[in-house]
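# Fold and contact review
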Amino acid sequence: MRRAAIAVAVAGAAVLAGCTVQAPDGGGKSRSPVHIELPGDTPSPARSPDDDGGPSTAPAPPGDDKPSTAPAPSGVLWSRGDTGRDVRELQARLRQVAWLFDGPTGTYDESTERAVGGFQGKRGLPRTGRTDTVTWQRLLRMTREPGTWDLYLMGGQPADPPDPRCTTGRVLCIDKTSRTLRWMIDGRTVSTMAVRFGSKGTPTREGVFSVYWKSRDHVSTLYDSPMPYAMFFSGGQAVHYSPDFAARGYAGGSHGCVNVRDEGAIAELYAQVRDGDKVVVSW
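If you're wondering where the values come from, they're calculated on a predicted model, not measured in any experiment.

### Structural notes on the overall build of the protein chain
Along the protein chain, the regular secondary structure elements total seven helices and 11 strands. Within the protein chain, buried positions represent 42% of all 283 residues. Long-range contacts, defined here as pairs at least 24 residues apart, represent 58% of the contacts in the protein chain between residues at least 6 apart. About 14700 Å² of surface is accessible on the protein chain, with carbon and sulfur atoms providing 55% of the total.

### Let's talk about empty space enclosed by the protein
Counted by the stated rule, this structure contains one cavity of 30 Å³ or more. The computed volume of the largest cavity comes to approximately 50 Å³. Lining the largest cavity we find Ala159, Asp160, Pro161, Pro162, Asp163, Cys173, Ile174, Asp175, Ser178, Thr180, Arg182 and Ser282. Of all the secondary-structure elements, those providing two or more residues to the lining of the largest cavity are β3 (170–175) and β4 (180–185). Looking at the lining of the largest cavity, the element that brings in the most residues is β3, giving three residues. Looking at side-chain class alone, the lining of the largest cavity contains five nonpolar, three polar and four charged residues.

### Looking at the environment of Thr221
On the secondary structure map, Thr221 appears in the loop between β7 (213–219) and β8 (226–234). Between the C-alpha atoms of Thr221 and Gly236, which are 15 residues apart in sequence, the distance is 10.0 Å.

### Observations concerning the state of the cysteines
According to the stated counting rule, one finds one disulfide in the structure shown. The partner cysteine of Cys166 in its disulfide is Cys173, sulfur to sulfur 2.1 Å. With the S-S dihedral at roughly 85 degrees, the linkage between Cys166 and Cys173 falls on the right-handed side. The class for Cys166 is buried, based on a relative accessible area of 0%.

### Side note on unusual backbone geometry
Of all residues except glycine, most have a negative phi; of all peptide bonds, most are trans. Cis rather than trans, the peptide bond between Gly103 and Pro104 has omega equal to 0 degrees. Among the secondary structure elements, Pro104 is positioned in the loop between α2 (85–96) and α3 (110–122). You will see that Ala98, though not glycine, has its phi angle at about 60 degrees, which is positive. Considering the arrangement of structural elements, one finds Ala98 in the loop between α2 and α3. Judged by relative accessible area, Ala98 falls into the buried class, the value being 4%. One non-glycine residue with positive phi stands out, namely Arg179, at about 55 degrees. With respect to the helices and strands, the residue Arg179 is situated in the loop between β3 and β4. Given the relative accessible area of 23%, Arg179 is considered partly exposed.

### What to know about the pairing of strand β5 (residues 188–196)
Where β4 meets β5, six bridges bridge the pair, whose relative direction is antiparallel. Looking at β5, one finds that Met184 is bridged to Thr189. When β5 meets strand β10 (residues 258–260), the two strands line up antiparallel, connected through two bridges. Each residue of the ladder has a partner; that of Arg196, found in β10, is Asn259.

### Comments concerning the environment of Pro226
Inspection of the secondary structure assignment puts Pro226 in strand β8. In this structure Pro226 comes out as partly exposed when scored by relative accessible area, which is 49%. Remark: the alpha-carbon pair of Pro226 and His240, spanning 14 residues in sequence, is separated by 9.3 Å. Not counting the four nearest positions on each side in its chain, Pro226 is found in contact with His218, Val219 and His240.

### Considerations on the pattern of salt bridges
Under the defined criterion, the tally for this structure stands at 11 salt bridges. In this structure, Asp277 and Arg170 form a salt bridge, with 3.1 Å as the shortest nitrogen-oxygen distance. Of this pair, Asp277 sits in the loop between α7 (263–272) and β11 (278–282) while Arg170 sits in strand β3, placing them 107 residues apart in sequence. A single network of salt bridges, built from pairs that share partners, joins Arg85, Glu89, Arg93 and Glu145.

### Some points on the packing of aromatic side chains
A full pass over the atoms with the stated rule returns seven aromatic pairs. Residues Phe209 and Phe233 carry aromatic rings whose centres are separated by 5.4 Å and whose planes lie at 55 degrees to one another, so their mutual orientation is tilted. Taken together, the residues span a long stretch of sequence, with Phe209 in strand β6 (residues 207–210) and Phe233 in strand β8 at a distance of 24 residues. In terms of burial, Phe209 and Phe233 fall into one category: buried. Relative to Phe232, the ring of Trp213 has its centre 5.1 Å away and its plane inclined at 20 degrees; by these criteria the two rings are stacked.

Cut-off values and rules
Residues numbered from 1 in each chain as written. Predicted model: local features only at pLDDT ≥ 70, side-chain atom pairs only at ≥ 80, totals over all residues. Heavy atoms only, no water. Helix = DSSP H or I, 4+ residues; strand = E, 2+ residues; numbered from the N terminus. Buried < 20%, exposed > 50% of the residue type's maximum accessible area, 1.4 Å probe, protein only. Contact = heavy atoms within 4.5 Å. Areas by Shrake-Rupley, 256 points an atom, 1.4 Å probe, with all protein chains shown as cover. 1 Å grid on protein atoms, 1.4 Å probe; cavity = no way out; pocket = protein on both sides within 12 Å on 5 of 7 lines; lining within 4 Å. Points joined across faces, edges and corners; volume = space filled by probe spheres on them. Nonpolar A, V, L, I, M, F, W, Y, C, P; charged D, E, K, R; others polar. Disulfide = S-S within 2.5 Å. Pairing = 2+ DSSP bridges. Salt bridge = Lys/Arg side-chain N within 4 Å of Asp/Glu carboxyl O. Phe/Tyr/Trp six-rings, centres within 6.5 Å; stacked < 30°, edge-to-face > 60°.

Structure representation (structure tokens):
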């Protein structure tokens, strides 16, 4: 009888010690860029300690998802207003554990501060919203090293030096390596923007072309999809604005066209480019 009572007590304690994680909305509805938990939410299915509401490819130590006890004081590494590559990595890692859904932007903004604060609170760390060494080490243990296109998922990457064929005349200089488009006139870069290309089955062609047709409100007759600010340079391939690129970044791809995610930038570009202007697509 005494053993049965102990078993019941242990089972009750296990139930009380459980935690719930609010999963991102999978129904296509708009959602906050930051993971938020509210009291009284319906518990989600149980997750392993390293799951923490989002994907994690690096195993966490046992109990890593549990609140810490008496965390030691630590120095602040980054806080609101900071910028740079390290902030990008922080944001990319917060995306991996579903505490942040936008970016990375490289700027420690309000959304990043709230995401860090939520991550800290879940683990019993001081909920400051500032990334200190204890918070950073905990996040490192739960995530993998971000790749280049994790860091620049939504653009913002620097452009490589232009192809030599871009240094004379009016040129749309498109680089597949850095995934950028330079608008150049007589060797001078007028503007630069992030672009994405066709998938493996429908690659963007490389070479030297020229703009042969512009269509401001074009709709693809092949795929029945909008192609605003289209500037055609090779058959059905064009430089154009892509709302999908704006929404999903490099998680998606085109059917061979050169997609631009910044609508304001391509609207300005479209106004300046003329029929006959050169297009260079290179690695």
